[in-house]
Structures are given as C-alpha cells and as structure tokens.
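# Inside the fold
Residues per chain, in single letters:
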Amino acid sequence: MKPKEIRRSSGGLQIIWSDGKLDVVDYARLRLACTCAVCREMPSHPDYRDARFERSRSVHSLDLVGNYAVGIMWADSHRSIFAFDRIKNLPPLTEEKISPEAEVAGGCCGGGCH
Ligand SMILES: [Zn+2]
C-alpha cells in the first residue's frame, strides 16, 4: 500500500493511502517507532508524549525516501525513516485506554490482599 498524500497536521501525520483511507499517526508514536541505529540501541525509549520531549515529536521537515518510505527530520535534529508498510502496521498505543476502574479490577486480587 502506498500513500497518495502525506500531510502534517496538528494531531499527527496524515496519510491518505492509495485506497482512499486516511490514517492519522500521532507524532510521539512515530518517534517511538523509530528504528534507526541510535534508537535501536536504546534500552528503553522515553515517553515522547511528555512535555519535555516537545522537540522530539515536532516535525522539522518531511521528505520521501525512494517510493517506499517517508523520512522525518525532527525538531531536535534526529532523523527517522519509516517504510509505508511499517506505518500502516504500527502497534497501537494502549496507555490512554486504561481507566482507573480497570486498573483496580485488574490488580493482584481485586483488593483482598491489602
Ligand atoms: Zn531514531
């Protein structure tokens, strides 16, 4: 699948695929998915949604890499390259979906051990 158009928006990278579907990928999520040599060496990635990483999730410029990937130059001078297939198959972020109630219910014993 190839994109017809790639645009920057305030909510993330907007990709209109050749089948007409639109994906909006959060910048923090993209940065987290970077597989460059530097990022692969990191034992764990920081939470790029944190306010401290504003520049790490701000796009400085976008460019196409051949006909298979998009390159992102981030505001902190880091460069990431994402193959279109990879963007299409990024794992979803889950943290925000956990409600306080769900955390209690999913604890060790539902509260009986305290
Ligand atoms: Zn990287």
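Residues numbered from 1 in each chain as written. Predicted model: local features only at pLDDT ≥ 70, side-chain atom pairs only at ≥ 80, totals over all residues.

## Focus: the confidence of the model for the protein chain
Considering every residue of the protein chain, the mean pLDDT works out to 85; 80% of them sit at 70 or more. Across the protein chain, element-level confidence peaks in strand β5 (residues 69-74) with a mean pLDDT of 97 and bottoms out in helix α4 (residues 100-105) with 44. Predicted confidence is poor over residues 96-107, with pLDDT under 50, and the contacts of this stretch with residues over four places away or in other chains come to three contacts. (pLDDT = per-residue confidence, 0-100. Helix = DSSP H or I, 4+ residues; strand = E, 2+ residues; numbered from the N terminus. Contact = placed C-beta atoms within 7 Å.)

## Describing the nonpolar core
Judged by nonpolar contacts, Leu-13, Ile-15, Tyr-27, Leu-30, Val-70, Ile-72, Trp-74, Phe-82, Phe-84 and Ile-87 together constitute the single largest core of 10 residues. Breaking this core down by element, the ones donating at least two residues are β2 (12-17), α1 (27-32), β5 and α3 (84-88). Sort the elements by how many residues they give to this core and β5 lands first, with three residues. Those residues in contact with Phe-82, other than ones at most four positions away along the chain, are Leu-30, Ala-33, Ala-69, Val-70 and Ile-87. (Core = buried A, V, L, I, M, F, W, Y, C linked by C-beta atoms within 7 Å. Buried ≥ 20, exposed ≤ 12 C-beta atoms within 10 Å, placed from the backbone.)

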